[in-house]
Amino acid sequence: MTAYPFEAPESQALLERAARVTPGGVNSPVRAFRAVGGTPRFMASAQGPWLRDVDGREYVDLVCSWGPMILGHAHPGVMAAVQEAATRGFSFGTPSENEVALAEEIVARVEPVEQVRLVSSGTEATMSAIRLARGFTGRSKVVKFAGCYHGHVDALLASAGSGVATFALPDSAGVPASSAGETIVLPYNDVEALEAAFAEHGAEIAAVITEAAAGNMGVVPPLPGFTEAMRRVTREHGALLISDEVMTGFRCSAAGWYGVEGPYDGGAPDLFTFGKVMGGGFPAAAFGGRADVMAMLAPLGPVYQAGTLSGNPVATAAGLATLRGCTPEVYQRLADVSSAIATATTQELSRHGIPHVVQWAGSMFSVFFREEAVHNYDDAKAQNSQAFSAFFHSMLSQGVHLPPSAFEAWFVSAAHDDAAVDKVVSALPAAARAVTESFATIGS
Ligand SMILES: *Cc1c(COP(=O)(O)O)cnc(C)c1O
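Keep in mind that what you see is a predicted model, and the values were worked out from it rather than measured.

### Things to note about the pattern of salt bridges
Here's step 1: Applying the stated criterion across every chain, the model contains 14 salt bridges.
Here's step 2: The salt bridge involving glutamate 195 is made with arginine 232; its shortest N-O contact spans 2.9 Å. A residue pair is termed long-range when its members are at least 10 positions apart, and glutamate 195 in helix 7 (residues 191-201) and arginine 232 in helix 8 (residues 226-236) qualify at 37 residues.
Here's step 3: The partner of aspartate 418 in a salt bridge is arginine 333, and the shortest N-O contact between them spans 3.1 Å. You can see aspartate 418 sitting in helix 15 (residues 418-443) and its partner arginine 333 sitting in helix 12 (residues 328-351), a full 85 residues away along the chain.
Here's step 4: We classify aspartate 418 as exposed; its relative accessible area is 51%.
Here's step 5: A network of salt bridges, in which partner residues are shared, links Arg231, Asp270, Arg290 and Asp292.

What follows is the structure, given as structure tokens:
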């Protein structure tokens, strides 16, 4: 039995209250701390890089709401935009100007994206992109990669990352074989497997969907040439390529992972999905790409897709203010903060002889407790997640809130100032000692 320092009585009380009315007490599984043990902290407020829990403790936030809070919490510019929008009404159920401006902002940033449709979550974006690809090609099979998470879409939950990886679930119950059977799951970064799948099923495959750079099994960027190979193979067989940039979009660079790795000699992905950063902490997401493909969507074409709150005026105001706030200086700060934290972490872990590897996608990074580089889901699963739990709890007790899973990226914001970075760095020696002690416990 692991003992966790019990220092969250108010969170514990709220968790018990929550568990009576909500399964597991949470509204998204990874929040429950099941993988690392202990009591999830219920947050009361957040400002800049800081979270404050209901017990009055402060944490440097290295989750940033799983990506959206790129400018930091309660950013004054975004706050003003949200308040101004809310003053004019919460939802119209008609078109409104902010939606146009947000779509223009996305189209201006990501060169191959000619048109977008706004939705309310990343899950909706990937679900709609898959339907659109099936409608456009008249085919039904979809290729995805093990360890990639595309939201909780039935057809895309097979061997998914994020919470599915965190809880080592083979797949989700409740997904009918008729739906899962249309999904072909391949190892990430494996061109041969991709070519073999297309050699066998090429004429039935509507699309390949991939995380632009995987971030939901920890950070695993595509190996050089992998994206181009996906482009070449899909094109040869008349399938679409969908780049899921829900996590990487507007974070890895102003144009997301595409801005880091593209443009590609063999051409760009046909469709992209976005979420997280583009909503600025509100429910706004999007899918988009080639205009001829997007023209298949209702009301122009036969592929139906809709949403009561799609393009919500308050959410789009937050997203627009966030994207406009993502200046070159912001991206420089993200790079500096990530590099300071990652460098200090690796130095401290190395000093203790702890096997680990840090992996990057732009300024997005994560730490794996294993010696060798991670190129796919099998590699990611071979990390020492017990070591991560020990590290996580030591950091938490010292006021640093990491993602409560070894299978997630660490997120920083441009509001992470030197005080926040120093707090993280000064927590590392004790956290490294905790990892070493966890090895001793396992060994005995
Ligand atoms: C978070 C995420 C999703 C799902 O987005 P939600 O808004 O949680 O539905 C899809 N794809 C990727 C790559 C993600 O990181």
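### A few points about helix 7
Here's step 1: All buried positions along helix 7 are accounted for by Ala193, Leu194, Ala197 and Phe198. Viewed along the axis of helix 7, the buried residues span an arc of 130°, placing them on a single side of the element. Turned more than 90 degrees from where helix 7 packs its buried face, Glu192, Ala199 and Glu200 sit exposed.
Here's step 2: In this structure, the buried side of helix 7 is in contact with strand 5 (141-145), strand 6 (183-186), strand 7 (205-211) and helix 8.
Here's step 3: Measuring from the backbone nitrogen of glutamate 192 back to the side-chain oxygen at the start of helix 7 gives 3.2 Å, which picks out aspartate 190 as the cap.

### A few points about the UniProt feature "modified residue: N6-(pyridoxal phosphate)lysine" (unreviewed entry) in the protein
Here's step 1: With numbering matched to this structure, UniProt assigns "modified residue: N6-(pyridoxal phosphate)lysine" (unreviewed entry) to Lys276.
Here's step 2: Here lysine 276 lies in the loop between strand 9 (271-274) and strand 10 (285-289).
Here's step 3: If sequence neighbours within four positions are ignored, lysine 276 has contacts with Trp66, Pro68, Val246, Met247, Gly281 and Ala284.

### Structural notes on the pairing of strand 12 (residues 364-368)
Here's step 1: Of all 5 residues that make up strand 12, 5 are buried, and the element is covered over most of its length.
Here's step 2: Alternating residues of strand 12 divide into Met364, Ser366 and Phe368 and Phe365 and Val367, and every residue in both groups is buried.
Here's step 3: Two elements, strand 11 (residues 357-361) and strand 12, share 5 bridges in a ladder whose sense is antiparallel. The partner of valine 358 across the bridge, within strand 12, is valine 367.

### Observations concerning the pairing of strand 1 (residues 43-47)
Here's step 1: Relative to strand 2 (residues 50-53), strand 1 is paired through 4 bridges, and the arrangement is antiparallel. From the neighbouring strand, methionine 43 faces strand 2, where its bridge partner is aspartate 53.
Here's step 2: Joining the antiparallel neighbours strand 1 and strand 2 is a turn of 2 residues, in which glycine 48 adopts a positive phi near 55°.

### Observations regarding the site of the ligand
Here's step 1: Ser121, Gly122, Thr123, Tyr149, His150, Gly151, Glu211, Asn216, Asp244, Val246, Met247 and Lys276 make up every residue found near the ligand.
Here's step 2: Within the contact set of the ligand, a nitrogen atom lies 3.3 Å away from a backbone nitrogen or oxygen of tyrosine 149.
Here's step 3: Here the ligand loses 83% of its free accessible area of 380 Å² to cover by the protein chains.

### Thoughts on the environment of alanine 415
Here's step 1: Its place among the elements puts alanine 415 in the loop between strand 13 (400-401) and helix 15.
Here's step 2: Separated by 340 residues in the primary sequence, alanine 415 and histidine 75 place their C-alpha atoms 8.5 Å from one another.
Here's step 3: When near neighbours in sequence (up to four residues on either side) are disregarded, alanine 415 contacts Gly48, Pro49, Leu71 and Gly72.

### Overview of the packing of helix 3 (residues 97-109) against helix 11 (residues 313-325)
Here's step 1: Close contact between helix 3 and helix 11 brings their axes to 9 Å; oriented N to C, the two are set at 35°. The interaxial crossing formed by helix 3 with helix 11 has left-handed handedness. Contacts from Asn98, Glu99, Ala101, Leu102, Glu105, Ile106 and Arg109 in helix 3 reach Pro313, Thr316, Ala317, Gly319, Leu320, Leu323 and Arg324 in helix 11.

### Brief notes about helix 12
Note: α-helices contain 3.6 residues per turn, so residues at a spacing of three or four share the same orientation.
Here's step 1: With 24 residues, helix 12 extends 34 Å between its outermost C-alpha atoms, agreeing within 8% with the 34 Å of an ideal straight helix rising 1.5 Å per residue.
Here's step 2: Taken residue by residue, helix 12 has Val330, Tyr331, Leu334, Val337, Ser338, Ile341, Ala342, Ala344, Thr345, Glu348 and Leu349 as its buried positions.
Here's step 3: Looking one or two places after helix 12, you find glycine 353, whose phi comes out positive at around 65°.

### Comments concerning the side chain of glutamate 105
Here's step 1: Within the fold, glutamate 105 resides in helix 3.
Here's step 2: Look at glutamate 105 and you get buried, because its relative accessible area is 17%.
Here's step 3: Contact partners of glutamate 105, with chain neighbours within four places excluded, come to Leu320, Leu323 and Arg324.

### Quick look at the sheet that holds strand 3 (residues 58-61)
Here's step 1: Read across the sheet, 4 strands follow the order 1-2-3-13 without closing on themselves; strand pairing throughout is mixed. Whereas interior strands pair on both sides, the edge strands pair on one side only; in this sheet they are strand 1 and strand 13.
Here's step 2: In the sheet, strand 3 pairs with strand 13 via 2 bridges, with the strands oriented parallel. Considered in strand 13, the bridge of valine 60 is made with valine 400.

### Some points on the sheet that holds strand 9
Here's step 1: Pairing within the open sheet is mixed, and its 7 strands lie in the order 4-10-9-8-7-5-6. The sheet is open, and its two edges are formed by strand 4 (115-119) and strand 6, each paired on a single side. With direction set aside, neighbouring strand axes in the sheet form an average angle of 20°.
Here's step 2: The pairing of strand 8 (residues 240-244) with strand 9 spans 3 bridges and is classified as parallel. Paired with serine 243 across the strands is phenylalanine 272, a residue of strand 9.
Here's step 3: Those strands touched by helix 8 are strand 5, strand 7 and strand 8, and its axis lies near 150° from that of strand 8.

### Some remarks on the nonpolar core
Here's step 1: Membership of the largest hydrophobic core comes to 105 residues, with the highest contact counts inside it found for Phe145, Met278 and Phe391.
Here's step 2: Excluding anything up to four places from it in sequence, phenylalanine 391 contacts Thr345, Leu349, Phe369, Leu402, Trp410, Leu428, Ala431 and Val435.
Here's step 3: With 20 residues, the next largest nonpolar core counts Ala125, Ala207, Ile242 and Met294 among its residues.

The rules behind the values
Residues numbered from 1 in each chain as written. Predicted model: local features only at pLDDT ≥ 70, side-chain atom pairs only at ≥ 80, totals over all residues. Heavy atoms only, no water. Salt bridge = Lys/Arg side-chain N within 4 Å of Asp/Glu carboxyl O. Helix = DSSP H or I, 4+ residues; strand = E, 2+ residues; numbered from the N terminus. Buried < 20%, exposed > 50% of the residue type's maximum accessible area, 1.4 Å probe, protein only. Arc of directions from axis to C-beta. Contact = heavy atoms within 4.5 Å. Polar contact = N/O pair within 3.5 Å; in protein donor to acceptor, adjacent residues only side chain to side chain. UniProt positions renumbered as here; feature names shortened; annotations may be inferred. Pairing = 2+ DSSP bridges. Near = heavy atom within 4 Å. Areas by Shrake-Rupley, 256 points an atom, 1.4 Å probe, with all protein chains shown as cover. Axes fitted to C-alpha atoms, helices over the stretch in contact; angles between N-to-C directions. Left-handed = near helix turned anticlockwise from the far one by under 90°. Expected span 1.5 Å × (residues − 1). Core = buried A, V, L, I, M, F, W, Y, C linked by side-chain atoms within 4.5 Å.

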